[in-house]
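Inside the fold
Each chain, written out:
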Amino acid sequence: EAGVAQSPRYKIIEKRQSVAFWCNPISGHATLYWYQQILGQGPKLLIQFQNNGVVDDSQLPKDRFSAERLKGVDSTLKIQPAKLEDSAVYLCASSLVVSRTTDTQYFGPGTRLTVL
Amino acid sequence: QKEVEQDPGPLSVPEGAIVSLNCTYSNSAFQYFMWYRQYSRKGPELLMYTYSSGNKEDGRFTAQVDKSSKYISLFIRDSQPSDSATYLCAMTYSGGGADGLTFGKGTHLIIQP
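Remember, predicted model here, so these are calculated numbers, not experimental data. (Residues numbered from 1 in each chain as written. Chains lettered and ligands numbered in written order. Predicted model: local features only at pLDDT ≥ 70, side-chain atom pairs only at ≥ 80, totals over all residues. Heavy atoms only, no water.)

Thoughts on the state of the cysteines
All names here are of chain B. Counting across every chain of the model gives 2 disulfides over all chains. Residue pairing for Cys23: its cysteine sulfur links by disulfide to Cys89, the two sulfurs lying 2.0 Å apart. Around the S-S axis, the bridge from Cys23 to Cys89 shows a dihedral of about -100° and counts as left-handed. You can see Cys23 sitting in strand S3 (residues 19-25) and its partner Cys89 sitting in strand S9 (residues 85-92), a full 66 residues away along the chain. (Disulfide = S-S within 2.5 Å. Helix = DSSP H or I, 4+ residues; strand = E, 2+ residues; numbered from the N terminus.)

Here's what the structure looks like:
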């Protein structure tokens with residue numbers, strides 16, 4: 001079974017520029033998450049999709065961050081304009097959501113963003 | 001006070017030792033508890049998943065949950081250099097795949113050969 005794919009793996013931009021990250025979840029996984037992991041911290045949920053609908057985006061800075069999941073498969077996370085404090089690893093995860101007591105989230109390798 | 005507290009370490013132990021990693025949490029609504037392992041420049045991978053209070057064992061790993069004290073632990077027996085990584089505790093309200101996870105900071109573990 002192929003894992004969660006993310007690209008690019010690394011990105012360096014200057015502040016006020018825009019950037020986009022792409023995620024392809026595990027085939028058949030209905031739920032997709034984007035997390036932000038700042039150096040030395042645990043991942044923080046930004047947004048959760050169920051198929052192509054948003055379930056939770058309460059921690060997404062909507063003035064500069066946006067995300068979409070067209071057709072309920074791939075997803076794109078965009079930052080515009082970027083700030084220095086956006087430097088972090090952006091992790092995508094997906095889950096099948098069959099059983100609450102056994103299901104889990106599978107993470108991709110992440111995209112490491114550096115904002116100069 | 002953060003929802004989940006975890007000592008970031010680093011925690012350095014000799015090979016073969018028993019390792020104890022811990023998290024405390026403040027929100028009693030958390031019902032599902034997980035431990036993830038994260039190697040440098042990789043995504044987190046699930047190690048253990050528990051729901052009820054008590055112990056769950058899987059090979060060299062034992063997860064322990066005490067909901068009355070809001071305290072969870074991960075024990076690693078016969079630790080190996082390959083266990084060197086960051087260990088993240090995570091928890092959720094409705095099950096591992098149904099809603100977003102709340103993570104601790106992670107504990108950086110070093111197993112000395």
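Additional details are given in the paragraphs that follow.
Re the interface of chain A and chain B
At the interface, 25 residues of chain A touch 21 residues of chain B. Together, the buried faces of chain A and chain B total about 1800 Å²; carbon and sulfur atoms form 49% of this surface. Here chain A is connected to chain B by 0 salt bridges. Viewed at the interface, chain B and chain A are joined by 5 residue pairs in polar contact (both at pLDDT 80 or more). Looking at the side of chain A that touches chain B, the elements that each hand over two or more residues are strand S4 (31-37), strand S5 (44-50) and strand S9 (88-95) of chain A. At 4 residues, S4(A) tops the list of elements feeding residues into the side of chain A that touches chain B. (Contact = heavy atoms within 4.5 Å. Buried area = accessible area lost by both parts, 1.4 Å probe. Salt bridge = Lys/Arg side-chain N within 4 Å of Asp/Glu carboxyl O. Polar contact = N/O pair within 3.5 Å; in protein donor to acceptor, adjacent residues only side chain to side chain.)

As for the side chain of A:Thr111
All names here are of chain A. Along the chain, the position of Thr111 falls in strand S11 (residues 111-115). One polar contact links the side chain of Thr111 to the main-chain carbonyl oxygen of Pro8, over a distance of 2.5 Å. Each residue touching Thr111, except ones within four places of it in the same chain, is listed here: Gln6, Ser7, Pro8, Arg9, Phe21, Ala88, Val89 and Tyr90.

Side note on the side chain of B:Asp83
Residue and element names in this part refer to chain B. In this structure, Asp83 sits in the loop between strand S8 (71-76) and S9. You can call Asp83 buried: its relative accessible area is 2%. For Asp83, the residues in contact, after removing those within four places along its chain, are Arg37, Arg60, Phe61, Ile76, Asp78, Leu109 and Ile111. (Buried < 20%, exposed > 50% of the residue type's maximum accessible area, 1.4 Å probe, protein only.)

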